[in-house]
Amino acid sequence: MSIKAIVLDIDGTLTNDKKEITPMTKEALLKAQAMGIKLILASGRPTRGLRKLAHELEMDQNHGYFVSYNGAIGLDCQTDEILFNQSLSIEEAKKILDHLKHFDRVRPMIDKDDYMYVTNVFDGWITLDNKPFNVMEYESRGGNYKLCEVDDLSEFVDFRLNKILTFADPDYLLENYQKMKEPFKDEFSCMFTSPFYFEFTAKGIDKAKALDAILRPIHIKPEEVIAFGDGQNDISILTYSGHGIAMENAVDELKEVADEITLSNENDGIAHTLYEKIPALKEIIV
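An account of the accompanying structure is given in this report. (Residues numbered from 1 in each chain as written. Predicted model: local features only at pLDDT ≥ 70, side-chain atom pairs only at ≥ 80, totals over all residues. Heavy atoms only, no water.)

A short note on the pairing of strand 5 (residues 82-85)
Alright, step 1. Bridge count between strand 4 (residues 73-76) and strand 5: three bridges; the pairing is antiparallel. Directly across from G74, in strand 5, lies its bridge partner F84.
Alright, step 2. In textbook terms, the turn of a hairpin is the stretch between consecutive antiparallel strands, and for strand 4 and strand 5 this stretch comprises five residues, one of which, D80, has a positive phi near 65°. (Pairing = 2+ DSSP bridges. Helix = DSSP H or I, 4+ residues; strand = E, 2+ residues; numbered from the N terminus.)

Okay, structure coming up:
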């Protein structure tokens, strides 16, 4: 099997439950790059939230690539050249943010430069798996943002957004997401990216669209790509790629479209599959 690119979702896929890359998985990915295989991180995270992991994997020395904001941006993480960018207009963002005011338990978050903007920096808590969980702290730390409070996000926005991220208790989102997206279902992409995250991006945005914009200029075909994921927003990259691999901990919808299922993110599923599919990796020393 000829594999020229490895596409990796982050949370629940590349990283374990401690948000760390395990030594075995890291070694396998360093070996793959030593063989000339390209790494692409494809995540709902903002670009800022990918850089630390990319540096750890030495992608900034090997022309690795980012698909960030769930596919709204694609770029070369070594040169910072933007290869794909499709954002919401200011008017579109205002329209979405105004509509979200009808859902009092849904909290939107938007970002620009060093800051993530919210309406109440103390209103970050939800109940997840019967435990309290501070989503704002989780998101701001993961994206390396400072939190900033503004009275009205809709009035505040005077810049284009790559996405509008919202969060709420999972049960509340399940009850209300259809109403949240109803006015925009034909205008924007609206999707869950976790049980407590629901987001809005420009129409037609998904991870595969940005991935294709990255791979075509460097002459890598879909059948030469292996992709790993665990969530609903990974369906596009698994179906795009010649080898779509779902983690054992993946949602059922992803497992249904995957070519195969590997071990979980806690058990080095990525490394096990790569060593199986690319036997030459075992001979590489890094």
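Topic: the pairing of strand 3 (residues 65-68)
Alright, step 1. What you see with strand 3 is no split at all: Y65 and V67 on one side and F66 and S68 on the other are buried throughout.
Alright, step 2. Where strand 2 (residues 38-42) lies against strand 3, three bridges are found, and the strand directions are parallel. Within the sheet, the bridge partner assigned to A42 lies in strand 3 and is V67.
Alright, step 3. Taking the sense of rotation as the criterion, the β-α-β connection linking strand 2, helix 2 (residues 51-56) and strand 3 turns out right-handed.
Alright, step 4. Relative to strand 4, strand 3 is paired through four bridges, and the arrangement is antiparallel. (Buried < 20%, exposed > 50% of the residue type's maximum accessible area, 1.4 Å probe, protein only. Right-handed = clockwise from strand over helix to strand, strands pointing away.)

Looking at the sheet that holds strand 16 (residues 260-261)
Alright, step 1. One open sheet holds the eight strands; their spatial order is 5-4-3-2-1-14-15-16, and the pairing between them is mixed. Of all strands in the sheet, those bounded by a partner on one side alone are strand 5 and strand 16.
Alright, step 2. Running at roughly 155° to strand 3, helix 7 (residues 207-215) makes contact with strand 1 (5-8), strand 2, strand 3, strand 4, strand 5 and strand 14 (225-229) of the sheet. (Contact = heavy atoms within 4.5 Å. Axes fitted to C-alpha atoms, helices over the stretch in contact; angles between N-to-C directions.)

Some remarks on helix 6 (residues 170-181)
Alright, step 1. For helix 6, which comprises 12 residues, the first-to-last C-alpha distance of 16 Å matches the rise-based estimate of 16 Å (1.5 Å per residue) to within 8%.
Alright, step 2. Of all the positions in helix 6, only P170, Y172, L173, N176 and M180 are classed as buried. Along the long axis of helix 6, the arc covered by the buried residues comes to 135°, so they all point the same way. When the buried face of helix 6 is taken as reference, the exposed residues oriented beyond 90 degrees from it are D171, L174, E175 and K179.
Alright, step 3. Residues of helix 6 that are buried make contact with helix 3 (90-100), strand 8 (125-128), strand 11 (164-167), strand 12 (188-194) and strand 13 (197-202). (Expected span 1.5 Å × (residues − 1). Arc of directions from axis to C-beta.)

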